[in-house]
Structure formats: structure tokens, C-alpha cells
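Examination of the molecular architecture
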Amino acid sequence: MPHRYDGQSMRERLQETLSVHRNELVSLFTGYVAQGKGILQRHHLIDEMDKVVGKDEGMQKLKDSPFSKILKSAQEAIVLPPFVAIAIRPRPGVWEYIRVNVYELSVDQLTVSEYLQFKEELVDGEINGSYVLELDFEPFNSTFPRPTRSSSIGNGVQFLNRHLSSIMFRNKESLEPLLDFLRAHKHDGHVMMLNDRIQNISRLQSALARAEEYLSKLPPLAPYSDFEFDLQGMGFERGWGDTAQSISEMVHLLLEILQAPDPSTLETFLGRIPMVFNVVIVSPHGYFGQANVLGLPDTGGQIVYILDQVRALENEMILRIQKQGLDVIPKILIVTRLIPDAKGTTCNQRLERISGTEHTHILRVPFRTEKGILRKWISRFDVWPYLETFAEDASNEIAAELQGVPDLIIGNYSDGNLVASLLSYKLGITQCNIAHALEKTKYPESDIYWRKFEDKYHFSSQFTADLIAMNNADFIITSTYQEIAGRLVKLELESGLPYAKCLGCSLKYPVFNIQLEKIKTNVGQYESHTAFTLPGLYRVVHGIDVFDPKFNIVSPGADMSIYFSYSEKERRLTALHDSIESLLYDPEQNDDHIGMLSDRSKPIIFSMARLDRVKNITGLVECFGKSSKLRELVNLVVVAGYIDVKKSRDREETKEIEKMHDLIKKYNLHGQFRWIPAQMNRARNGELYRYIADTKGAFVQPAVYEAFGLTVVEAMTCGLPTFATCHGGPAEIIEDGLSGFHIDPYHPDQVATLLIDFFERCQKDPGYWDEISNGGLQRIYERYTWKIYTERLLTLAGVYGFWKHVSKLERRETRRYLEMFYILKLKDLFGAKSIPLAVDEQ
């Protein structure tokens, strides 16, 4: 159904504009066609409009017309003279496709399938034709409830609770699944919640009323063991709470649900039901270890995220189980790959306990083929042929360790999410996906021209695996709204100043440094999988719906035992200062550091990331090298990758290492720049952030795209003013001009100017540095802590566990469709002809 804007579809609006501004539109679209066959991105479309207006002032009326709204909503245009087909996104999650015949001045509405077929004609000699495999998941989800407002995207659990409570309120028979759910609850063969004395809703209500009256006469802190047998006689088993007061609260919540269900009560009740005792977290690629791994290929923020996640998760699980009145030991397994050639890490050990925990372990399972176990590391882009066998082996290892099946499985990244899907399907357990970063949005046109990328990245396998995992998951966690559906920003005026209100993340902040229109219509990572084509393979007309209530925004934090404010003097690791000073200022040039900082009185601009194209560390170095004024004001220190290109086995990293050395020579950075290889010591890294803060410096995160931005959270948690990319998650973490600054890495001159303005202002007003530092700290404490994260995660597991129980029959068709797609298409792509198996060096 075409999107209606003021009662008109986009096609109707364009047709109307054509009748009023015929000559102007002819001029503009002739300019598009003149650029020849190809894809025009949004900025190309707007640039051409500006160019045409610059040449002819009469064109200004076109720019002021309703057509400009169409153009600002356009994401891309396909030019195949005399046609220009435009993909228009009036708002996040809503798309419309139109095609203009420039010669005949006619406008047609296109279906998704027609638009993608038109796009496929760009690929020389490759037109999929009428009979092509089209993927369409919409029919399976058409009866499922979902919100319609873009601002509701990412608040899936709230919507689901409203839907469930509404059904229960309208139809009391709908309460039966809740009774069945409570009666079916067991752990290790032991009945929990309800026993056989309660067979129907009326018996449950009367038993709850009796229990409420009984509990009201007991001391609030009376332990469950004092009255366990009395409650059992009424029909209640363990799991309601550990004291009379906590059990009474649960009983009261359920009585309210049975009498007049409301979303908040339902979420609270489902979140408190004991459901999660054993958790499996899957993250196959990279070197997954606790020490000496950060900075190794494919080993960065995701590892840190999971290690911090499981420590906080174990604490929250222990706390909840205790409050539920249970004597159960939780277990968490991180399932990853065992790498025999471990490069001095522990990645060749099968089982490793996570430090700071009692019941959490890394369980490593090797990649194997018919020829035996693969010994060496391989890139995350090459793992696909190994994953099915890995999943089978992991299933057996998990069963051995847990002596049963897990209650929740969490996938990470594309490979982990696919393995989680295979395990969830086999074991019938609740599945949560965390993408961290979907590669499709990182590499423009990697779908339509997938063959160009195939030898290096095997995107056909990855995008297919992503589609399967997204649709198989029970719920999906993202760190930001933008991961799901891009940026939804509304421009408002307040006291005459422009403010940007982010409807997806409830932020509002003054617009200082960024081009709002550029950010306003960014497509989300998941949204980019709504419709796309891989010519010669298949066409996706409805891959994922960003309005699906499975999407939830749950932002992580930083480990506050390591990352804390520079101003907390009593906690500072001053014993590390000598080694940090050597790291930054030792004049010796070696594999531990190159470059010199001649003037130690200058503030330091600091950045730390993997050394790859997307993280854009070399882009920051070039930005610094080109700006004489910035170099006069500050020093630059980067921690990234290897210094010696011979030590890297990562394809992208080797190119970036060579580029970094070239930039050092080209801009003669000696004396103002220091390059330090990736650092494994997290405690020292935390103190390094604080040491940089002591110099009144700043942290810069210059990625061309960043899904979340864990280093941004780390830096802000240490009180370091932070400048981070406006493309991706950091734009939600930072309130521009209040708790940090947004930068656009595609405009390095503007980045340099922003940094210069900041440090010059700090010279004039030292309190300004403190203002931004404190703003960053306040922002972290309000939204980005692991305590908030784990509470939310376990509540989601409860709600979606119940939803899975209620809707399992309705989901069966989707599962069978996914199974067929996996067997007929993905297994083929994983074959040796598509992705050659790695060979160990002799």
C-alpha cells in the first residue's frame, strides 16, 4: 500500500509537481539521466538539485515545492535511460517505489518486486527474469500484532504486553495459556509455581485469594521455608518468592492480571517468574579469551561486550533466583571456537572459567571437517562452511556441561546468530539475537554487486544467514534505535534555536555541528534487509519488518570496576602511570610505539579501535595531518592494530597499516603523533583514558559507521570529552554539544574545525572542558550501565518465553519456510565451490 502524505501517495505528489513544474522537473531528471546507467545515492540526488538551482534561479520554486519532500525522503535512484526509478522512505520502516520515464514524462507506481527487478538490470547480462526465487516472510507474519508508528520501533516488549493484556481483558478464556504456562513450569524435574491442586482459572483465583489472606498474617520477612507446606496445600510450589512479603507481591500481581490485566503488571509478573537458570551465549569467530586477545584479528568490542555482559548477568541471575526462593545454581556458557594454534592465548583450552564469576565458563568447540580439526585462525568472513558441524558438536558439548538444555540462547554477530538459530530450532528454546554489526550497511551496494565482494567477503552466505537468523529469533536486542531503523529526527524550534528530537531514543538536543537532513533519513542496519536483491541468487521482497515486536533496544554499559571517572583519585591506578608515560612519551622507536610527542604540555586527542577501513583510524590521522592549526594545539595518540605489517594476517588491516606508515611520512607527523599497537591490558586501558583526561584531552571515535560504540561509553565513563561519528549508535549515546560532540567522518575539514573550536574555547574557559566531561558522566549513569541492561534482558526473556509458549503453533509455518530456505539455498552457498575450506600450514 503506497504511503499517504497529506492524503496523497508519492506517485500522486510527483505527478502533481510534474503538471505544475514541468520544465524544472524535466531539467532535473535530464541531469540524472545524463549521469548514465547506475545507482544514485541520496546525496547525489540532492547535489544535482542544488547544481541545477545554482545554474537557474527559476529552479528555486521547484526546491520550495512539495517535490523537495519527496527528494529528501529518497534513499536511492536507479538510472536506466530513459527511466529513473526512486526508492522513497517517507519514514523509518515505510517504503514506496516510483519510476519516471523522462522522455514521456510519465510516473508509475512500482511494487517491491518490480523495483528490484528493474535494479537487477544494472548488472550486465544478469536479469533474474520473471521466474526467480523471491523471499517473502510477510504472509507468515500478517496475523501477528505489530505497532505502526515509527517511534514505537524498538519498544517491542511494551507493545507485546499491551497486546497480551488487551486480549486477556477482552476475553477471559485467553487467561488459560497463562495458567498452562505456570502449571508447565519445571526445573530439573521439580515442579515450580503451581501443582495439580489448581486445574482451572476459577480454582487459581480462589487459591490466590486464600494465599493473599494467609500471607497478610505473617511477618513480612518470614522465610518461605516456614510456610512452604501450607502454600503447597493451597496449590503453590517454589518460585513465588523468598519471604512472605515477596510472595504476597507476586500473588497480588497475578490477582490483578486475572481481574483487570494491564501491560505494566503483566510485564512485572512475567519478568519475576523463574525461567532462566542456564544461558548459552554463542560467539564463534575471532580469538575469544580473557587476556592477550584484544587487537588480534576479528577480536575487539564484541569480546569485551560479552565478557562484561556475562559478569553482570551472573550477578543478576543469582540475585533473582535468591529472591524467587529457589536453591538453584545458574550456569552460563560462552560457546566459541577452539583454536589449536592459539598464538599465546588460551583459545586452545576447552573450558575456561570467566574471572570475577563462579558459574560462567568459556566452552570452546573446534571447527572440523572430514579431514580433521582446523588448527589456525580464519577470518569471520570465511567461517560459514564450518558452522553446521560446529552447531552439532556444540549441542553435544553444551548438554554434557549443563546436564540438560539451556533456557535461553543468545547469538552474537552473523555467525553466532546462525548457530543460535540451529541450536534453538533443535532444542526448542528461546532465542535472542545480538547483531553488533550487520555488514550489509557497511559496504554500499554489496547486495546488487555481491559478486564483486564474494571472493573476499562471501556476503551471499552472510546476508542469507542474517535473514534466517533474524526471522528465527524470538527476540532481538539492539543497542540503539538506529541499528533497527536508522535515525528518526524531528526538527523543532525552541527560543529561535534549532533542536533535533530523536523520536526513537527520546533525545532532544541543540543542533550545532551536523547536517540534520543527512542524518534524518539514514536507513537502519536491520531495515536494509527489508527488501534487496542478489542477482542470480534470489530476490527479497519482504525480509524483515522493523515494526516486528521482537525488536528491543537494550544498551550495554562499561565495566565500572575498570572504567570510572578520572576525578575519583582514591581509585586511580597510579602504579601504572610509569608504564603509561613510557607508552606515550618514550623516545625509542620500536614495535611498542612509533612517533614522538615533543611537547608534553599539549592536550592529547586519543583514539582506540581495530585497524580496519570502517573504524577509520587512518582517516583521523589524515584529518590531523592536514590541519596545521589542530597540530599546533594538540597531540594525537592512536592505539590500533599492529605497527609491523608482517605481523598481521587480516586483509583489511594490512592495507590500513601500510596507509598509516604512508601518512606519517606524507604529513611529517614526528613530534606530534604517537602510534601504539593494540593493547591487551584492560585495567591499564582504563587508566590510559583517565591519564588522557588529566592532560585535558579528548577521545575521538571517527568510524564511518559504528553500530553502538563501546569505546565511546568507556571514554565517557572515564570523564573524557568525546567526539564520535554521527553515523550509527554514538549519535544516540551522545547529546551533541551537551555530553560530547557528533562528527561526520565524511567531512574531515569540519571535524578538524570542531576540534579546534573546542580546544580554543577550553583555553579561554577551562570550565568548558569540565562541563562537557560532567555531561558525559551524567549521560552514562542515566542510561548506560550493565545493571540496567541485565535487568532488562532477563525481563525480556520472561515475556518472550511466555509469548513463545502462547504462539508456538502460529510460528510453525515460519520455521518450516526457514528450514526449506536453509537446506535449499544456504547449505549450497556454504559448499566448497563457493567458499574454499582453509588449509593448515604444514
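Residues numbered from 1 in each chain as written. Predicted model: local features only at pLDDT ≥ 70, side-chain atom pairs only at ≥ 80, totals over all residues. Heavy atoms only, no water.

Quick look at the pairing of strand S17 (residues 408-412) now. Of all five residues in S17, five are buried, a share of seventy percent or more. Bridging between S17 and strand S18 (residues 430-434) involves five bridges; their strand directions are parallel. When the sheet's bridge partners are listed, Ile 409 is paired in S18 with Gln 431. (Buried < 20%, exposed > 50% of the residue type's maximum accessible area, 1.4 Å probe, protein only. Helix = DSSP H or I, 4+ residues; strand = E, 2+ residues; numbered from the N terminus. Pairing = 2+ DSSP bridges.)

What follows deals with the sheet that holds strand S31 (residues 741-743). The strand order across the open sheet formed by six strands is S28-S27-S26-S29-S30-S31, and the pairing between neighbours is parallel. Two strands in the sheet have a free side with no partner beyond their single neighbour: strand S28 (673-676) and S31. Averaged over all pairs of adjacent strands, the angle between their axes in this sheet comes to 20°, without regard to strand direction. With two bridges connecting them, strand S26 (residues 604-608) and strand S29 (residues 698-701) associate as parallel partners. Directly across from Ile 605, in S29, lies its bridge partner Ala 698. Its contacts with the sheet place helix H25 (residues 682-694) against S26, strand S27 (635-639) and S29, and it is angled at close to 155° to S26. In the packing of helix H26 (residues 710-717) onto the sheet, contacts are made with S26, S29 and strand S30 (722-725), and the angle to S29 comes to roughly 170°. (Axes fitted to C-alpha atoms, helices over the stretch in contact; angles between N-to-C directions. Contact = heavy atoms within 4.5 Å.)

Here the focus is the confidence of the model for the chain. Residues with a pLDDT of 70 or more make up 93% of the chain, whose mean pLDDT is 89. Taken together, the stretch residues 503-520 has pLDDT below 50 and engages in 62 contacts with residues farther than four places along the chain or on a different chain. (pLDDT = per-residue confidence, 0-100.)

Each pocket or cavity is described by its volume, and for the largest pocket that value is around 1500 Å³. Along the walls of the largest pocket sit 50 residues, with Gln 41, Arg 42, Gln 75, Asn 522 and Val 523 positioned nearest its centre. Of all elements in the fold, only strand S3 (38-41), helix H3 (42-55), helix H5 (67-73), strand S4 (74-80), strand S6 (94-101), helix H6 (112-120) and helix H20 (516-520) reach the threshold of two or more residues within the lining of the largest pocket. Of the residues in the lining of the largest pocket, the class split is 18 nonpolar, 17 polar and 15 charged. Computed from the structure, the second largest pocket encloses a volume of approximately 990 Å³. Of all the elements in the fold, those that place two or more residues in the lining of the second largest pocket are strand S9 (186-187), helix H16 (413-427), helix H30 (786-807) and helix H31 (812-829). When residues of the lining of the second largest pocket are assigned to their parent elements, the largest contribution, seven residues, is made by H30. For the lining of the second largest pocket, the class distribution of residues is 21 nonpolar, 13 polar and twelve charged. (1 Å grid on protein atoms, 1.4 Å probe; cavity = no way out; pocket = protein on both sides within 12 Å on 5 of 7 lines; lining within 4 Å. Points joined across faces, edges and corners; volume = space filled by probe spheres on them. Nonpolar A, V, L, I, M, F, W, Y, C, P; charged D, E, K, R; others polar.)

For any pair of aromatic rings, the description rests on two quantities: the centre-to-centre distance and the angle between the ring planes. Across all of its chains, the model carries 41 aromatic pairs by this definition. When the ring of Phe 453 is compared with that of Phe 459, the centres are 5.8 Å apart and the planes differ by 40°; the resulting orientation is tilted. Classification of Phe 453 by relative accessible area gives buried; the value is 17%. Since its relative accessible area comes to 0%, Phe 459 is described here as buried. Taken together, a centroid distance of 6.4 Å and an interplanar angle of 85° make the contact between Phe 463 and Phe 532 edge-to-face. With a gap of 69 residues between them, Phe 463 in helix H18 (residues 459-472) and Phe 532 in strand S23 (residues 532-534) connect regions that are remote in the sequence. Here Phe 463 falls in the buried class, since its relative accessible area comes to 0%. The structure contains a cluster of three or more aromatic residues connected by ring pairs, namely Phe 381, Tyr 443, Phe 453, Tyr 457, Phe 459, Phe 463 and Phe 532. It is Arg 690 that lies over the ring of Phe 564; its NZ or CZ is 3.8 Å from the centre. A cation sits over an aromatic face here: Arg 761 above Tyr 768, 3.7 Å from the ring centre. (Phe/Tyr/Trp six-rings, centres within 6.5 Å; stacked < 30°, edge-to-face > 60°. Lys NZ or Arg CZ within 6 Å of the ring centre and 35° of its normal.)

Let's shift gears to the pattern of salt bridges. Considering all chains together, one arrives at 41 salt bridges under this definition. With its nearest N and O atoms 2.7 Å apart, the salt bridge here joins Glu 352 to Arg 364. Remark: Arg 364 occurs in strand S14 (residues 360-366) and Glu 352 occurs in strand S13 (residues 351-353); sequence separation between them is twelve residues. By relative accessible area, Glu 352 is classed as buried at 12%. The closest approach of N and O atoms between Asp 612 and Arg 610, which form a salt bridge, is 3.0 Å. Taking the relative accessible area as the measure of exposure, Asp 612 reaches 8% and is therefore buried. Arg 610 gets classed as partly exposed once you look at its relative accessible area, which sits at 25%. (Salt bridge = Lys/Arg side-chain N within 4 Å of Asp/Glu carboxyl O.)

This brings us to empty space enclosed by the protein. Any empty space left between atoms is shown by rolling a water-sized probe over those atoms. Here the structure, examined in full by the defined rule, presents seven cavities of 30 Å³ or more. Counted as a void, the largest cavity has a volume near 850 Å³. Forming the walls of the largest cavity are 46 residues, and the residues nearest its centre are Gly 300, Gly 301, Gln 302, Arg 610 and Lys 615. Among the secondary structure elements, those contributing two or more residues to the lining of the largest cavity are helix H14 (301-323), strand S19 (475-478), H25 and H26. Per-element accounting of the lining of the largest cavity gives the leading share, four residues, to H14. For the lining of the largest cavity, the residue count by class is 20 nonpolar, 15 polar and eleven charged. As a volume, the second largest cavity reaches approximately 110 Å³. Lining the second largest cavity are 13 residues, and of these Ile 273, Met 275, Val 276, Arg 320 and Gln 324 sit closest to its centre. Among the elements of the structure, helix H13 (263-272), H14 and H30 are those that each provide at least two residues to the lining of the second largest cavity.

A separate point is the side chain of Glu 687. Tracing the chain through its elements places Glu 687 in helix H25. When residues no more than four places from it in sequence are discounted, the contact partners of Glu 687 are Arg 572, Leu 573, Leu 576, His 577 and Ile 580.

In sheet architecture, strand pairing relies on hydrogen bonds along the backbone and comes in two forms, parallel and antiparallel. Strand order in the open sheet formed by eight strands is S13-S14-S12-S11-S17-S18-S19-S25, and the pairing between neighbours is mixed. Lying at the two open borders of the sheet, with one neighbouring strand each, are S13 and strand S25 (551-553). Neighbouring strand axes in the sheet, compared pairwise and without regard to direction, differ in orientation by 25° on average. Bridge count between strand S11 (residues 278-282) and strand S12 (residues 331-338): five bridges; the pairing is parallel. Among the inter-strand pairings, Val 280 is bridged to a residue of S12, identified as Leu 333. With respect to the sheet, helix H15 (residues 387-402) is in contact with S11, S12, S13 and S14, its orientation differing from that of S12 by roughly 145°.

On to the packing of H26 against helix H29 (residues 766-783). The N-to-C vectors of H26 and H29 enclose an angle of 115°; their axes lie 8 Å apart at closest approach. Handedness of the H26/H29 crossing: left-handed. Residues Val 713, Met 716 and Thr 717 of H26 touch H29, and the partners they reach there are Gly 776, Leu 777, Arg 779 and Ile 780. Here the residues of the contact of H26 with H29 sort into four nonpolar, two polar and one charged. (Left-handed = near helix turned anticlockwise from the far one by under 90°.)

Our next topic: the pairing of S6. Most of S6 is tucked away: six of the eight residues are buried. Between strand S5 (residues 83-91) and S6, which pair antiparallel one after the other, the connecting turn spans two residues, and Gly 93 there sits at a positive phi close to 85°. Across five bridges, the pairing between S6 and strand S7 (residues 106-110) is antiparallel. From the neighbouring strand, Ile 98 faces S7, where its bridge partner is Gln 109. If you look at the hairpin formed by S6 and S7, you'll find four residues sitting between the two strands, and Leu 105 has a positive phi there, around 55°.

Below, the discussion takes up unusual backbone geometry. In this chain, Pro 81 is followed by Pro 82 through a cis amide linkage whose omega measures 10°. Following the sequence through the fold, Pro 82 ends up in the loop between S4 and S5. Positive phi outside glycine occurs at His 436, with the angle close to 65°. For His 436, the position within the fold is in the loop between S18 and helix H17 (450-457). Taking relative accessible area as the criterion, His 436 reaches 17% and is therefore assigned buried. Although it is not a glycine, Asn 616 adopts a positive phi angle of roughly 65°.

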